[in-house]
Amino acid sequence: MSKKIKAKTLNIPIIITTAFSDAKYLYESINVGIDAYTEKPVDMMHLLQTIQKALLPFAQQKALLKQAYTDKLTGLNNRAALDRALEKNVYTGLILMDIDEFKVINDLYGSEVGNYVLKEFSQFLTIHNRDNWELFRIGSDEFTFLIHEHANKKSCEKTVQNLLEQLKTYYIYEHNLDIKINLNMTMGISLEKYNVLE
């Protein structure tokens, strides 16, 4: 049974309760994919501790995967997450976005203000995210919506126009410098299934 489970996924820990305690039996159990065991009669406290220990590596692995696929600055999905999503081929379109002249903001006000702008702009995009869409930061000042629902050029163009319209009145207020920073962005649509980022 454990071999069948492990053949389908390695992300489920398997714990057995057993009346056997000889080393050979336990060694064979580990070889077929058992992650932990507890002896009969079952002591509930010991069982709970065993479960906790068995789950720990899986929780750590999940945390590491989340870290690997998350942009540290904005908390959005990152480029690696997008590449993984594209490999699954379960999307129908992309909306690509690039902040215009972002380097000028960094040069004028410094990278700390630039980072603040990126975080605030990420929130702006998050507000305009939709169900069945995913938002990614894929470069310094580049973002994309990955669309999982049926998408056509007309609906994507409408979304792009709406975002550009919202940007006309949108600004980021930087408290320390007491300035309002307006942003413009270049946007593109791709409904291709292959080589969409080339």
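Heads up: the structure comes first, above all this text.
Since the model is a prediction, treat every value here as computed from it, not as a measurement.

Draft legend 1. Fine view of unusual backbone geometry. Positive phi, close to 70°, is recorded for Asn132, a residue that is not glycine. Its place among the elements puts Asn132 in the loop between α6 (111-127) and β4 (133-137). The backbone of Asp178 sits at a positive phi, close to 55°, despite the residue not being glycine. Residue placement: Asp178 occurs in the loop between β6 (171-174) and β7 (179-182).

Draft legend 2. A look at the environment of Ile138. Examined against the element boundaries, Ile138 turns out to sit in the loop between β4 and β5 (142-147). Residue Ile138 is classed as buried on the basis of its relative accessible area, which comes to 15%. Each C-alpha atom of the pair Ile138 and Asp98 lies 9.9 Å from the other, and the pair is 40 residues apart in sequence. Those residues within four positions of Ile138 in sequence are excluded, and the remaining contacts are Arg79, Leu82, Leu96, Phe143 and Thr144.

The rules behind the values
- In this convention, every chain numbers its residues from 1, walking through the sequence in written order.
- Given that the model is predicted, a residue must reach a pLDDT of at least 70 before its local features are reported, and side-chain atom pairs must reach 80 or more before they are shown or counted; all residues, however, enter totals for whole chains, interfaces and linings.
- Think of the side-chain values as coming from all heavy atoms in the structure, minus any hydrogens and water.
- The helix count covers DSSP runs of H or I at least four residues long, the strand count covers runs of E at least two residues long, and both are numbered beginning at the N terminus.
- Burial classification: accessible surface area is computed with a 1.4 Å probe over protein chains only, and a residue below 20% of its type maximum counts as buried, one above 50% as exposed, and the rest as partly exposed.
- Only heavy atoms enter the contact rule, under which two residues are in contact if any of them lie within 4.5 Å.

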